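Each chain, written out:
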Amino acid sequence: MKKIKALILIFALTFSSLGFLCSCNTVKTKTFFALDTAVQLTVYNCTDEILNKAVNNITKLADALDCYKENGELYNLNKTGKSENLSEDLYTVLKKSSEYSKNLNGAFNITLGAVTRLWNFENKIIPKENELKSALKTVKTENLSVFYKNGKYKAKLKNNTKLDLGAVAKGYIADKTAELLKNNGVKKALINLGGNVYSLGDKNAVIGIKKPFSNGELSARVKVKTSCSAVTAGNYERCFKENGVLYHHILNPKTGKPANSDVNSVTVFCKESAKADAYSTGLFNLGKDKALEIANSEKEIEVVIIDKNDKVFYSDGFELKNGELYIINENI
Ligand code: ADP
Ligand code: MG
């Protein structure tokens with residue numbers, strides 16, 4: 001989460017919301033910068049007080065979960081290798097991440113921290129082989145232990161292992177924002193954390209999936225019937241080309257280098273945005289066939305994949321009607 005995200009991956013459009021925007025003034029929007037990305041909240045029938053509460057909560061969580069935020073909670077855990085009193089949020093993200101990691105055969109791995117900090121995609125910095133090799137030795141999920149003792153959540157990191165929650169934090173924060181808004185009586189909202197989208201309570205939302213490397217062209221449009229999150233992992237942002245090689249920010253935890261996948265993007269649809277976020281990164285790593293296999297075997301997620309030839313593939317829980325994909329999976 002160190003770097004600025006220049007492009008928004010998913011454009012979330014709601015037909016009804018556009019109508020709403022024109023005909024009445026009870027929709028409020030707030031755009032601000034957090035998690036090194038542009039955050040946009042569009043909330044219907046809510047007070048400024050509720051909107052500000054949501055903004056403050058996003059900022060608070062972003063600080064806690066960002067490994068680059070000096071003196072933030074995760075930063076301190078990485079620095080000292082332990083925490084005797086984890087916040088419930090960090091505890092939950094760590095627990096969820098371990099589970100996702102297992103389900104994805106380690107293709108999503110938060111213990112990549114020592115490796116991710118060596119890369120700098122904005123400044124086209126490629127780590128030296130020897131640096132990468134020693135950092136890779138710390139990438140081990142078993143080096144992280146998270147537990148509950150004497151009424152407190154605790155964590156320990158062994159052998160200089162560092163955590164990076166960049167592939168799951170935005171999703172978790174989207175979930176918490178949706179929850180906060182709902183608990184404050186909000187019935188409809190669109191939460192967009194730099195392309196990590198959560199559509200709350202909108203029966204007519206349409207999520208557009210960007211064609212990789214294009215100027216905002218869409219490869220697919222997905223109709224979402226209830227509250228749902230959509231998250232894309234792609235190789236066309238936070239990337240650079242050198243000597244004909246594309247270097248991008250989704251790393252293969254085995255090599256510490258950009259994942260050599262057969263796809264350009266994976267978009268995951270799920271009620272839980274943390275899961276959609278982590279899975280999009282993991283499934284990108286695993287490639288098209290494995291991603292479709294996992295999506296078809298898990299009830300809670302569906303995927304839309306765009307391969308290297310801009311061909312669109314989708315899992316079994318969609319139906320194509322008049323050029324648009326409809327989610328028919330009852331669990332989403
Ligand atoms: P974005 O930050 O653009 O939403 P992702 O959700 O795909 O992108 O997460 C990528 C970020 O997560 C990287 O910038 C890096 O910090 C971290 N990361 C990269 N590869 C992995 C991986 N295989 N598993 C876990 N985290 C990763
Ligand atoms: Mg992700």
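Please refer to the structure placed before this passage.
Residues numbered from 1 in each chain as written. Chains lettered and ligands numbered in written order. Predicted model: local features only at pLDDT ≥ 70, side-chain atom pairs only at ≥ 80, totals over all residues. Heavy atoms only, no water.

Caption draft 1: Highlighting the nonpolar core. In terms of nonpolar packing, the biggest core is built from 70 residues, with L94, L165, L181 and L283 touching the most fellow members. The leading source of residues in this core is helix α2 (residues 48–65), at eight residues. Two domains each donate at least three residues to this core, and these are domain 1 (4–63 + 170–327) and domain 2 (71–157). Counting 17 residues, the second-largest nonpolar core is a separate cluster that includes V197, V224, C228 and I332. (Core = buried A, V, L, I, M, F, W, Y, C linked by side-chain atoms within 4.5 Å. Buried < 20%, exposed > 50% of the residue type's maximum accessible area, 1.4 Å probe, protein only. Helix = DSSP H or I, 4+ residues; strand = E, 2+ residues; numbered from the N terminus. Domains from an automatic or database assignment.)

Caption draft 2: Up close: the sheet that holds strand β17 (residues 301–307). Across the sheet, which stays open at both edges, the eight strands sit in the order β2-β3-β7-β8-β11-β16-β17-β18 with antiparallel pairing between neighbours. With partners counted over all chains shown, the strands left at the sheet margins are β2 (27–34) and β18 (312–314), one partner each. Adjacent strand axes in the sheet meet at a mean angle of 15° when their direction is disregarded. Inspection of the sheet shows strand β11 (residues 228–234) paired to strand β16 (residues 263–270) by six bridges, in the antiparallel sense. Residue pairing across strands places G234 opposite S265, the latter belonging to β16. (Pairing = 2+ DSSP bridges. Axes fitted to C-alpha atoms, helices over the stretch in contact; angles between N-to-C directions.)

Caption draft 3: The arrangement of the coordination of the magnesium ion (ligand 2) in detail. At 2.3 to 2.4 Å from the magnesium ion (ligand 2) lie its protein donor atoms, namely D277 (O), D277 (OD) and T281 (OG1). You can see D277 and its partner T281 sitting in helix α8 (residues 273–286), four residues apart, about one turn around the helix. One exposure class covers both D277 and T281, and it is buried. (Donors = N, O, S within 2.8 Å, 3.2 Å for Na, K, Ca; no water.)

These figures capture arrangement, not role.
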